[in-house]
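Here is how the chains run, residue by residue.
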Amino acid sequence: MCTLALSTVTAKGEPRISGVDGHFLHGKWHFGTAPGAAKARHLAARPAVSAAHMRGEDLGVFTHGTVEILNPADGEPAEDWPDVLAYLKEFYGDFSDWGNDVVYYRLHPHWMTAYAPDVDKLTSVPRS
């Protein structure tokens, strides 16, 4: 899990940013929020988002794209929702009502880049 700064847009075109738990699975960010949250309303109306994950000055991953709802309350879930849900349950624990408590999204990037000034620092294993 990586904390993401997620940007959405209001109906008036005003930017909004908030934090989400981001899971990078198969080259795409996955994240959830409460169904009644402002960001859920923004995403339902305007699915374009920007996301940033930063680890200090060592790593930055920046993404622009659109989201799909993986577990819509009023429709069929994504084909791979059972696999994503199994991953989430393993990570967070098995909650009783996943479908009603949290809506999950997948960010389909149309642009993504990463910045790491010292790749060796990121990939080296500390020696004991």
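A quick note: this is a predicted structure, and the numbers were derived from the prediction, not measured. Position numbers for residues start from 1 in each chain and track the written sequence from start to end. Side-chain atom pairs in this predicted model are given and counted only at pLDDT of 80 or more, local residue features only at pLDDT of at least 70, and totals for whole chains, interfaces and linings cover all residues. Water and hydrogen atoms play no part in the side-chain values, which are based on all heavy atoms of the structure.

### Side note on unusual backbone geometry
Then comes step 1: Positive phi outside glycine occurs at His26, with the angle close to 55°.
Then comes step 2: For helices the rule is a DSSP run of H or I covering at least 4 residues; for strands it is a run of E covering at least 2, with both sets numbered from the N terminus onward. Summarising the element assignment, His26 is placed in the loop between strand S2 (15-25) and strand S3 (28-33).
Then comes step 3: On the basis of relative accessibility, which here comes to 81%, the residue His26 falls in the exposed class. Exposed residues in this analysis have more than 50% of their type's maximum accessible area, buried residues have under 20%, and partly exposed residues fall in between, with area computed by a 1.4 Å probe over protein chains only.

### Some remarks on the nonpolar core
Then comes step 1: Residues Phe31, Val67 and Tyr105 are the most contacted members of the largest nonpolar core, which totals 16 residues.
Then comes step 2: If you list the elements that add at least two residues to this core, you get strand S1 (2-9), S3, helix H1 (38-45), strand S4 (48-55), strand S5 (59-69) and strand S6 (103-115).
Then comes step 3: Contacts are residue-level and defined by heavy atoms, with any inter-residue pair within 4.5 Å sufficient. In this structure Phe31 touches Leu6, Val20, Asp21, Leu43, Val67, Val103, Tyr104 and Tyr105, once residues within four positions along its chain are discounted.
Then comes step 4: Counting residues in hydrophobic clusters, the runner-up holds seven residues, among them Leu70, Ala78, Trp81 and Tyr104. In this description, a nonpolar core means a group of buried Ala, Val, Leu, Ile, Met, Phe, Trp, Tyr and Cys residues linked to one another through side-chain atoms lying within 4.5 Å.

### Examining the environment of His108
Then comes step 1: Tracing the chain through its elements places His108 in strand S6.
Then comes step 2: The exposure class of His108 is partly exposed, given its relative accessible area of 26%.
Then comes step 3: In the structure, His108 is positioned 20 residues away from Leu88 in sequence and 19 Å away in space, judged by C-alpha atoms.
Then comes step 4: Side-chain atoms alone can form a polar contact between residues adjacent in sequence; in general such a contact is a pair of N or O atoms within 3.5 Å, and within protein one must be able to donate a hydrogen while the other accepts it. A polar contact of 3.2 Å, which involves the side chain of His108, links it to the side chain of Lys28.

### Describing the pattern of salt bridges
A side chain of one charge can pair with a side chain of the opposite charge if their charged atoms are brought near each other.
Then comes step 1: Any carboxyl oxygen of Asp or Glu that lies within 4 Å of a side-chain nitrogen of Lys or Arg is treated as forming a salt bridge with it. Scanning the entire structure with this criterion turns up four salt bridges.
Then comes step 2: Linking Glu14 and Arg16 is a salt bridge whose minimum nitrogen-to-oxygen distance equals 3.1 Å.
Then comes step 3: For Glu14, a relative accessible area of 34% puts it in the partly exposed group.
Then comes step 4: Residue Arg16 is classed as partly exposed on the basis of its relative accessible area of 41%.

### Thoughts on the sheet that holds S5
Then comes step 1: With respect to topology, six strands assemble into a closed barrel ordered S1-S2-S3-S6-S5-S4, the strand pairing being antiparallel. When the angles between neighbouring strand axes are averaged without regard to direction, this sheet yields 40°.
Then comes step 2: The pairing criterion for strands is at least two bridges between them, as found by DSSP. Where S4 lies against S5, eight bridges are found, and the strand directions are antiparallel. Note on S5: the bridge partner recorded for Arg55 is Leu59. Axis angles are defined between N-to-C directions and span 0 to 180 degrees, where every axis is a line fitted to C-alpha atoms and, for a helix, only to the segment in contact.

### A word on the environment of His23
Then comes step 1: Structurally, the position occupied by His23 is in strand S2.
Then comes step 2: What makes His23 buried here is its relative accessible area of 1%.
Then comes step 3: Sequence-wise, His23 and Gly65 are 42 residues apart; in three dimensions their C-alpha atoms are separated by 16 Å.
Then comes step 4: Look past the residues within four positions of His23 in its chain and what remains in contact with it is Met1, Lys28, Trp29, His30, Tyr87, Leu88, Phe91 and Tyr92.

### With respect to the packing of aromatic side chains
Then comes step 1: Any two rings among Phe, Tyr and Trp, with Trp reduced to its six-membered ring, count as a pair given centres within 6.5 Å; such a pair is stacked if its planes are under 30 degrees apart, edge-to-face if over 60, and tilted if neither. Inspection of the entire model under this criterion finds five aromatic pairs.
Then comes step 2: Measuring from ring centre to ring centre gives 5.9 Å for Trp81 and Tyr104, while their planes differ by 35°; the resulting arrangement is tilted. Pair noted here: Trp81 is in helix H2 (residues 81-92) and Tyr104 is in strand S6, with a separation of 23 residues, a long-range link. By the burial criterion, Trp81 is buried, and Tyr104 matches it.

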